[in-house]
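Chain by chain, the residues run as shown.
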Amino acid sequence: MLLGLLRADGGTARLFGQDPWDEAVGLHRRLAYVPGDVELWPNLTGGEAIDLFARLRGTPDRARRDELVDRFDLDPGKKARTYSKGNRQKVALVAALASPVDLLLLDEPTAGLDPLMEVVFQECIREARAQGTTVLLSSHILAQVEVLADRVSIIRAGRVAESGTLQDLRHMSRTTVVATVRRPADGLADLPGVHALERSGDQVRLDVDGDRVEPVLQALAGLGVTAIVAHPPTLEQLLMRHYGDGPTADEDAEVA
């Protein structure tokens, strides 16, 4: 619907104050889209496909295009029909990033890329953000979202379950604490805000509500702590708060 490919049967959507359905042609000059499964014209080379997309958005930036081709280690002279899934994704990413646009719409953009290319992708997205480009990234790769996103929305069954900065969302969940102590950890499980306490030798592991961290740390200090690690919940843990019972046939976990 944001691309103007489907007409909404309810609600409203606006890009830059315009209706994506009525103003699709003009809006597409200001945005670039990368799907999770790229289809290309089989008889065009990768370079020809990139140049075609660039011309649709205005004057192509040849230097930027060549730089991205090198960074993504893409052979632009091969026919699209010979490309693997990962190479088709590279073509779409180079085409999207080569033009100066105001908005990048990315839906599982790194599907099929190897870890080295994932690093290149992250670098390019950070550069685009620094230049003022807005990036809307939809992904099931939670580590990718954690390192790139300023704001996160968790969607369940087509509705936003939570939305905010990652720091905001972490405040609503529990901190995990792992400590090595000299004395038995009796009584910790009875403290308010402590959950899922586990003991293994002289090590204890527990989750604690955000507003109860200080008294729990004070209690641990009395046990003779020799080592301690505390970390906020990961995005995966936040997501599982909404999907812990598993999605139904009509649901799917999504982070944007």
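Everything here concerns the structure above.
Keep in mind the model is a prediction, meaning the values are calculated, not measured.

**A word on the overall build of the protein chain**
Stage number 1. In terms of regular secondary structure, the protein chain is built from nine helices and 10 strands.
Stage number 2. The C-alpha radius of gyration of the protein chain comes to 23 Å, more than 25% above the 18 Å expected for a compact globule of 256 residues.
Stage number 3. In terms of principal-axis extent, the alpha carbons of the protein chain reach across some 70 × 40 × 35 Å.
Stage number 4. Residue burial in the protein chain is summarised as follows: out of 256 residues, 40% are buried.
Stage number 5. A separation of at least 24 residues holds for 66% of the contacts in the protein chain among residues at least 6 apart in sequence.
Stage number 6. By element, 51% of the accessible surface of the protein chain is carried by carbon and sulfur atoms, the whole surface being about 14,200 Å².

**Let's talk about the nonpolar core**
Stage number 1. Of all hydrophobic cores here, the largest spans 32 residues; its most connected members are Phe-72 and Leu-104.
Stage number 2. For this core, the secondary-structure elements that each account for two or more residues are strand E1 (31-34), helix H2 (46-56), helix H3 (62-71), helix H4 (85-98), strand E2 (103-107) and helix H5 (115-130).
Stage number 3. The dominant element in this core, judged by the number of residues it contributes, is H4, at eight residues.
Stage number 4. When near neighbours in sequence (up to four residues on either side) are disregarded, Phe-72 contacts Lys-90, Leu-93, Val-94, Leu-97, Met-117, Val-120, Phe-121 and Cys-124.
Stage number 5. Membership of the second largest hydrophobic core comes to 12 residues, among which are Val-177, Ala-179, Ala-185 and Leu-206.

**Thoughts on the sheet that holds strand E6 (residues 174-181)**
Sheet strands line up and pair through hydrogen bonds in the backbone, either parallel or antiparallel.
Stage number 1. What the four strands build is an open sheet, ordered E7-E8-E6-E9; its pairing is antiparallel. Looking along the sheet, the strands with just one partner apiece sit at the ends: strand E7 (194-200) and strand E9 (225-231). Taking each pair of neighbouring strands and ignoring which way they run, the sheet shows an average axis angle of 15°.
Stage number 2. Helix H8 (residues 213-221) contacts E6, E7, strand E8 (203-209) and E9 of the sheet and is inclined by roughly 160° relative to E8.

**Comments concerning the environment of Arg-129**
Stage number 1. Relative to the elements of secondary structure, Arg-129 occurs in helix H5.
Stage number 2. Under the relative-accessibility criterion, Arg-129 is labelled partly exposed at 30%.
Stage number 3. For the pair Arg-129 and Gly-210, spaced 81 residues apart in sequence, the C-alpha separation works out to 31 Å.
Stage number 4. For Arg-129, the contacting residues outside a window of four places in its chain are Val-135, Leu-148 and Asp-150.

**Some details on the environment of Met-117**
Stage number 1. Along the chain, Met-117 falls in helix H5.
Stage number 2. A relative accessible area of 9% places Met-117 in the buried class.
Stage number 3. When the C-alpha positions of Met-117 and Phe-72 are compared, they lie 6.3 Å apart, and in sequence the two are 45 residues distant.

**Quick look at the pattern of salt bridges**
Stage number 1. If you walk through the whole model with that rule in mind, you get 12 salt bridges.
Stage number 2. The partner of Asp-19 in a salt bridge is Arg-14, with the nearest N and O atoms 3.7 Å apart.
Stage number 3. On the accessibility criterion, Asp-19 (25% relative accessible area) is partly exposed.
Stage number 4. On the basis of relative accessibility, which here comes to 49%, the residue Arg-14 falls in the partly exposed class.
Stage number 5. A salt bridge links Arg-71 to Glu-123; the shortest N-O distance between them is 3.7 Å. In this pair, Arg-71 sits in helix H3 while Glu-123 sits in helix H5, placing the two residues 52 residues apart along the sequence.
Stage number 6. If you follow the salt bridges from partner to partner, you end up with Arg-64, Glu-67, Arg-71, Glu-123 and Glu-127 in one network.

Calculation notes
- In this convention, every chain numbers its residues from 1, walking through the sequence in written order.
- Local features in this predicted model are restricted to residues whose pLDDT is 70 or higher, and side-chain atom pairs enter the listing and the counts only when it is 80 or higher, whereas totals over whole chains, interfaces and linings include all residues.
- Think of the side-chain values as coming from all heavy atoms in the structure, minus any hydrogens and water.
- Each helix is a run of H or I in the DSSP string that is no shorter than four residues. Each strand is a run of E no shorter than two, and both are numbered from the N terminus.
- Restricting the calculation to C-alpha atoms gives the radius of gyration, and the globule rule supplies 2.2 Å times the number of residues raised to the power 0.38.
- The rule is simple: take the accessible area with a 1.4 Å probe, protein chains only, and divide by the maximum for that residue type; under 20% is buried, over 50% is exposed, in between is partly exposed.
- Contact between two residues is taken to exist if any of their heavy atoms lie within 4.5 Å; hydrogens are not considered.
- Accessibility throughout is a Shrake-Rupley quantity obtained with a 1.4 Å probe, and a residue counts as covered only by protein chains that appear here.
- Only buried residues count toward a nonpolar core. Its members are Ala, Val, Leu, Ile, Met, Phe, Trp, Tyr and Cys residues joined through side-chain atoms within 4.5 Å.
- Whether two strands pair comes down to DSSP finding at least two bridges between them.
- Here an axis means a line fitted to C-alpha atoms, over the contact stretch when the element is a helix, while the angle between two N-to-C directions is reported on a 0 to 180 degree scale.
- A pairing counts as a salt bridge when a side-chain nitrogen of Lys or Arg comes within 4 Å of a carboxyl oxygen of Asp or Glu.

Coordinates in, geometry out; function isn't part of it.
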